[in-house]
Amino acid sequence: MKIELHEIAVKDVYDGYHDFGADNGVVGYDGKLNIRPRYQRNFVYNLDQSKAVMNSVLHGFPLNVMYWVVNDEDSYEVLDGQQRTLSVMQFLDHKYPIELNGQTMYVDSLPNDVYDQLMNYKFMVYWCQGTDSEKLDWFRTVNIAGEKLTDQELRNIAYTGPWLSDAKKYFSKRNCAAKKLSDPYAKGDPNRQELLELSLKWIADNKDTTINDYMAQHKSDADANALWQYFQHVIHWVQELFPDVYKQMKGQQWGLYYNQYHTDKDDENYNSSSMSKEIKQLMDDPEVTSKRGIWLYELAKGAGEPNAIKNLSLRTFDRRDAKRKYDDQTDKAKDDGVSNCPYCAKEGLDTIWKLSEMQADHIVPWSRGGKTEYDNLQMLCKKHNESKGNR
Ligand SMILES: [Zn+2]
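Residues numbered from 1 in each chain as written. Predicted model: local features only at pLDDT ≥ 70, side-chain atom pairs only at ≥ 80, totals over all residues. Heavy atoms only, no water.

Student: Any chance you could explain the overall build of the protein here in plain terms?
Tutor: Summing up its helical and strand segments, the protein has 18 helices and eleven strands in all. A globule of 391 residues ought to have a C-alpha radius of gyration of about 21 Å, yet the protein, at 32 Å, is considerably larger. Along the longest, intermediate and shortest principal axes, the C-alpha atoms of the protein span 110 × 45 × 35 Å. In the protein, which comprises 391 residues, the proportion classed as buried is 45%. Taking the intrachain contacts of the protein between residues at least 6 apart in sequence as the baseline, contacts between residues at least 24 apart amount to 63%. (Helix = DSSP H or I, 4+ residues; strand = E, 2+ residues; numbered from the N terminus. Rg over C-alpha atoms; globule rule 2.2 N^0.38 Å. Buried < 20%, exposed > 50% of the residue type's maximum accessible area, 1.4 Å probe, protein only. Contact = heavy atoms within 4.5 Å.)

Pasting the structure below:
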């Protein structure tokens, strides 16, 4: 990474300055500097801030350093310092007046010496030049002090190219195709590149790589069709397996589920109509405390995972009930001269377990309609509770 400090006169930045309007950017420095790159949020015109910048400049006070990215010899973009640069450029462009010596003045009424001083004022600018990944690290560091960009906005600066331009068509506008398709299932603001980031997170997981490496590998691809197709596969898969839409489905990591559970045996493992009925029951079941876990439960169960049920976070007995039941069982066991674990007692043992050695168990399990109620509670020794759970 090469980083050089340059002093650049206002007159040089103003040379070739042109504002092409809200969507088309602003250039300066002989047309070589992109002052408002697309990834920057639109300049929020704040007259007081702009006047404060001009006040510093006209007094010859230093502004904070700025950062320009050097793309190549004739192409730069402002990474940090957009607002300060535009404040000065807009004043020079006759967009607003300032107060000077008690008078309101536009640029054309400035005294000559003040005008010359303004044009010769030097911006302190760091030029940074390097590989994409070096730039990305650098942007992250600069971003701490500058205008806040999201992680994906930063990646987009580093990995520009035809692939990214094409990906943005699908993922990066308010009404983009990806947003329309995935809205009931995916969260994220396309404008802030969050939907693009989500799709990249999912496909990177699918390819066993990282978002950065995926972007680095594909940045020169002619288009982002592979990403867009993959994203559609994920959402269509969800729609086929789970045709009923619930609000708890939004924001789940469907792509990661797809990567893990989608196989060519989906039609054997999953029956969407019976899952649909079961999901409705689970939604209504007060024993299921994690409604958002229901879909992952269905997927894990269909794949034959023995601990699929953990996704439901079923209700558990509270400590107070467990202690009360322990005392009841233990008193009775001591009277009868048997173990306070009913399973141990059946085996003829007379061990009296401590409370800390026992676990609360549903006599009738949840899968057969058992509720988390005191009457359905028994305390078992760990060994028996675990072996019961495995059956
Ligand atoms: Zn036991």
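So much for the structure itself; the text now carries on.
Student: I'm lost on the coordination of the zinc ion in this one. Help?
Tutor: Ideal values differ by geometry: the angle at a metal is 109.5 degrees with four tetrahedral donors, but 90 or 180 degrees with six octahedral donors. Taken together, Cys 341 (SG), Cys 344 (SG), Cys 381 (SG) and His 384 (ND1) make up the protein donors of the zinc ion, found 2.0 to 2.3 Å from the metal. Coordination at the zinc ion comes from four donor atoms whose angles at the metal span 98 to 116°, giving a geometry best classed as tetrahedral. Along the chain, the residues donating to the zinc ion fall in the pattern C-x2-C-x36-C-x2-H. Taken together, the positions of Cys 344 in helix 17 (residues 342–346) and His 384 in helix 18 (residues 382–390) put the pair 40 residues apart, joining distant regions of the chain. Here Cys 344 and His 384 have matching classes, each one buried. (Donors = N, O, S within 2.8 Å, 3.2 Å for Na, K, Ca; no water. Tetrahedral: all angles 85-135°; square planar, octahedral: opposite > 155°, others 65-115°.)

Student: Please explain the packing of aromatic side chains as it appears in this structure.
Tutor: How two aromatic rings sit relative to each other is given by the distance of their centres and the angle of their planes. Scanning the model with the defined rule gives 21 aromatic pairs in all. Considering the side-chain rings of Trp 237 and Tyr 258, the 5.3 Å spacing of their centres and the 85° angle between planes classify their relative orientation as edge-to-face. A residue pair is termed long-range when its members are at least 10 positions apart, and Trp 237 in helix 11 (residues 225–241) and Tyr 258 in helix 12 (residues 254–261) qualify at 21 residues. Here Trp 237 falls in the buried class, since its relative accessible area comes to 5%. Against the face of Tyr 374 rests Lys 325, its NZ or CZ located 4.3 Å from the ring centre. Directly above the aromatic system of Tyr 343 lies the positively charged group of Lys 346, at a separation of 4.8 Å from the ring centroid. (Phe/Tyr/Trp six-rings, centres within 6.5 Å; stacked < 30°, edge-to-face > 60°. Lys NZ or Arg CZ within 6 Å of the ring centre and 35° of its normal.)

Student: Got a minute to help me understand the sheet that holds strand 4 (residues 33–34) in this structure?
Tutor: Strands pair in a sheet through their backbones, by hydrogen bonds, and they do so in one of two ways: parallel or antiparallel. Across the sheet, which stays open at both edges, the seven strands sit in the order 1-9-5-6-4-3-2 with mixed pairing between neighbours. Two strands close off the open sheet at either side, each with one partner strand: strand 1 (2–9) and strand 2 (18–19). (Pairing = 2+ DSSP bridges.)

Student: How should the nonpolar core be read in this particular structure?
Tutor: Inside soluble globular proteins, nonpolar side chains tend to come together where they are buried. Trp 163, Leu 200, Phe 242, Trp 254, Trp 295 and Leu 299 are the most contacted members of the largest nonpolar core, which totals 64 residues. Element by element, the count of residues in this core is highest for helix 11, at nine residues. Those residues in contact with Leu 299 that sit more than four places away from it in its chain are Trp 237, Leu 241, Phe 242, Tyr 257, Tyr 261 and Tyr 270. One finds Val 26, Val 53, Val 114 and Tyr 121 within the second-largest nonpolar core, a separate group that totals 36 residues. (Core = buried A, V, L, I, M, F, W, Y, C linked by side-chain atoms within 4.5 Å.)

Student: What should I look at first to understand helix 4 (residues 112–120) in this one?
Tutor: If you check which residues of helix 4 are buried, you get Val 114, Leu 118 and Met 119. On an axial view of helix 4, the arc spanned by its buried residues comes to 135°, and they lie on one face. Exposed residues lying more than 90 degrees from the buried face of helix 4 are Asn 112 and Asp 113. Of the surrounding elements, those touching the buried residues of helix 4 are strand 1, helix 1 (10–14), helix 2 (47–58), helix 3 (82–92) and strand 7 (98–100). (Arc of directions from axis to C-beta.)

Student: I tried to follow the packing of helix 12 against helix 15 (residues 294–302) on my own but got confused; where do I start?
Tutor: The axes of two packed helices give the description: the angle between them and the distance between them. Where helix 12 contacts helix 15, the axes come no closer than 11 Å and their chain directions differ by 10°. On the basis of the axis angle, helix 12 is roughly parallel to helix 15. Residues Trp 254, Tyr 257 and Tyr 261 of helix 12 pack against Trp 295, Leu 296, Leu 299 and Ala 300 of helix 15. Its residues placed into classes, the contact of helix 12 with helix 15 shows seven nonpolar, no polar and no charged. (Axes fitted to C-alpha atoms, helices over the stretch in contact; angles between N-to-C directions. Parallel < 35°, antiparallel > 145°, perpendicular 65-115°, else oblique. Nonpolar A, V, L, I, M, F, W, Y, C, P; charged D, E, K, R; others polar.)

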